[in-house]
Amino acid sequence: MIIDIKNISKTFKAFHREAGLKGAINSFFKRNYKNFDVLSDINLEVDEGEVIGILGENGAGKTTLIKLMVGLLYPNKGTINVNGYTPWDRNHKFLSNISVVMGQKNQLWWDIPASESFLLNKHIYNIDDSDYKQTLDELIEYLDVKDKIDIQVRRLSLGERMKMEIIAALLHRPKIILLDEPTLGLDVISQSKVREFVKYYNTKHNITFVITSHYTKDIQEMCKRVFVLNKGKSIYDGDFETLIRSVNPERKLIFEFTDSPNSDFIKDLEKSFKFTINDRLLETILPDSDLQKLLKELLNNYSADNISFEDLPVDDTMRNFFENPDKYIS
């Protein structure tokens, strides 16, 4: 186990006042504060080499949990052990074995080429010349930015800048990489490239990735296991596909008959299954068990030119889940 989080809670104090002049005057004499729990009694264990996704709506506590893991925040209660260290002790060896990339924040110098920032990181982490060159060459080759590293960062596209941020975070070869919204604002191609890179780097180097994202596509493609937060509380920890199936067990079947089916056969089929049919094309959305029964009935009586299954959109499934999580989590 490389990350061990036990009973972590984090509370923030926020200033509240009424709108308008009266509210401003009242707050001058008496300031009203309200405590709100960002995280409540969170427990999480992550094994070395695992890729885990942290999923939740805005304000669920995802970024706060990441900041606690890297020692940028202190918890009000509980303990965190990351690779044998307590994050907020800010031990040098701990910092050299962890890296964080936040999609909404830049770590590169804006007015100089990324290559200059890379050199700065080389000296900060005392990276050997040969290790630096080997790592840099591998990263720029895979992310396809060899012709961009000597261009000012502010002149790069958002996708190119994110790739540079990832390179800067990996130069010292950390054991744990925390990616907070790594595809935020990126186009479809750039998102895909980042996802492919995470899978490649994890497989090749057995690096532990902790990934937060609003995009369920990120989690679906990069993470087998997901840790779900809702209003600061943990509501699910397990296989992502299992969660999807529990929320929405239905799939879509498209069956294209080789020859037009007999009307009597269709009428008889409608007694047991709901579907739509247009000429030779039958479409339906049913749970897996019913789909298998329907498909068996179809193939016993007719041949098909084409049969395809489609999973329902994951975003729609997760939206239904967050609207009423208690319905799906016992």
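Only a predicted model underlies this, so the values are computations on that prediction, with no experimental measurement involved. (Residues numbered from 1 in each chain as written. Predicted model: local features only at pLDDT ≥ 70, side-chain atom pairs only at ≥ 80, totals over all residues. Heavy atoms only, no water.)

A. Summary view of the side chain of Arg-195. Here Arg-195 is to be found in helix 7 (residues 188–205). Other than its neighbours up to four places away in sequence, Arg-195 contacts Lys-217, Asp-218, Glu-221 and Met-222. (Helix = DSSP H or I, 4+ residues; strand = E, 2+ residues; numbered from the N terminus. Contact = heavy atoms within 4.5 Å.)

B. Highlighting the packing of aromatic side chains. If you walk through the whole model with that rule in mind, you get ten aromatic pairs. For the ring pair Tyr-142 and Tyr-200, a centre distance of 4.1 Å and an interplane angle of 5° mean the geometry is stacked. Remark: Tyr-200 occurs in helix 7 and Tyr-142 occurs in helix 5 (residues 129–142); sequence separation between them is 58 residues. Classification of Tyr-142 as partly exposed rests on a relative accessible area of 25%. Owing to a relative accessible area of 21%, Tyr-200 belongs among the partly exposed residues under this scheme. Put simply, the rings of Tyr-142, Phe-197, Tyr-200 and Tyr-201 pair up and form one aromatic cluster. Taking the ring centre of Tyr-132 as reference, the NZ or CZ of Lys-122 above it sits at 5.9 Å. Against the face of Tyr-142 rests Lys-193, its NZ or CZ located 5.2 Å from the ring centre. (Phe/Tyr/Trp six-rings, centres within 6.5 Å; stacked < 30°, edge-to-face > 60°. Buried < 20%, exposed > 50% of the residue type's maximum accessible area, 1.4 Å probe, protein only. Lys NZ or Arg CZ within 6 Å of the ring centre and 35° of its normal.)

C. Seen up close, the sheet that holds strand 10 (residues 250–257). The antiparallel open sheet is built from four strands, whose spatial order is 11-12-10-13. Single-partner strands in this sheet number two, and they are strand 11 (276–278) and strand 13 (304–311). Within this sheet the neighbouring strands show an average axis-to-axis angle of 15°, counted without direction. Summarising the sheet, strand 10 and strand 12 (residues 281–287) pair through seven bridges and their orientation is antiparallel. Within strand 12, the position partnered with Glu-250 by the bridge is Pro-287. Sheet contacts for helix 11 (residues 288–301): strand 10, strand 12 and strand 13; angle to strand 12, the most-contacted strand, approximately 150°. (Pairing = 2+ DSSP bridges. Axes fitted to C-alpha atoms, helices over the stretch in contact; angles between N-to-C directions.)

D. Summary view of the environment of Asp-259. Examined against the element boundaries, Asp-259 turns out to sit in the loop between strand 10 and helix 10 (263–270). Judged by relative accessible area, which is 51%, Asp-259 ranks as exposed. Once the C-alpha coordinates of Asp-259 and Arg-280 are considered, the two residues, 21 residues apart in sequence, prove to be 6.7 Å apart. Setting aside residues no more than four positions away along its own chain, Asp-259 makes contact with Arg-280 and Tyr-302.

E. Representation of empty space enclosed by the protein in the model. Under the definition given, this model contains two cavities of 30 Å³ or more. Around the largest cavity, the lining residues are Gln-220, Glu-241, Ile-244, Arg-245, Asn-248, Glu-250, Asp-311, Leu-312, Val-314 and Thr-317. For the lining of the largest cavity, the elements supplying multiple residues, two or more each, are helix 9 (240–247) and helix 12 (314–323). Of all the elements, helix 9 adds the most residues to the lining of the largest cavity, at three residues. Looking at the lining of the largest cavity residue by residue, the class counts come to three nonpolar, three polar and four charged. The computed volume of the second largest cavity comes to approximately 30 Å³. Lining the second largest cavity, in full, are Val-101, Ile-166, Leu-170, Ile-177, Leu-179, Phe-197, Val-198 and Phe-209. (1 Å grid on protein atoms, 1.4 Å probe; cavity = no way out; pocket = protein on both sides within 12 Å on 5 of 7 lines; lining within 4 Å. Points joined across faces, edges and corners; volume = space filled by probe spheres on them. Nonpolar A, V, L, I, M, F, W, Y, C, P; charged D, E, K, R; others polar.)

F. Just the nonpolar core, in detail. The biggest cluster of nonpolar side chains holds 49 residues, and the ones touching the most others in it are Phe-118 and Ile-167. If you tally residues by element for this core, the top one is helix 6 (residues 158–170), at seven residues. When residues no more than four places from it in sequence are discounted, the contact partners of Ile-167 are Phe-118, Leu-136, Leu-139, Ile-140, Leu-143 and Val-145. Formed by 29 residues, the second largest nonpolar core is a distinct cluster that contains Ile-42, Leu-44, Phe-94 and Leu-178. (Core = buried A, V, L, I, M, F, W, Y, C linked by side-chain atoms within 4.5 Å.)

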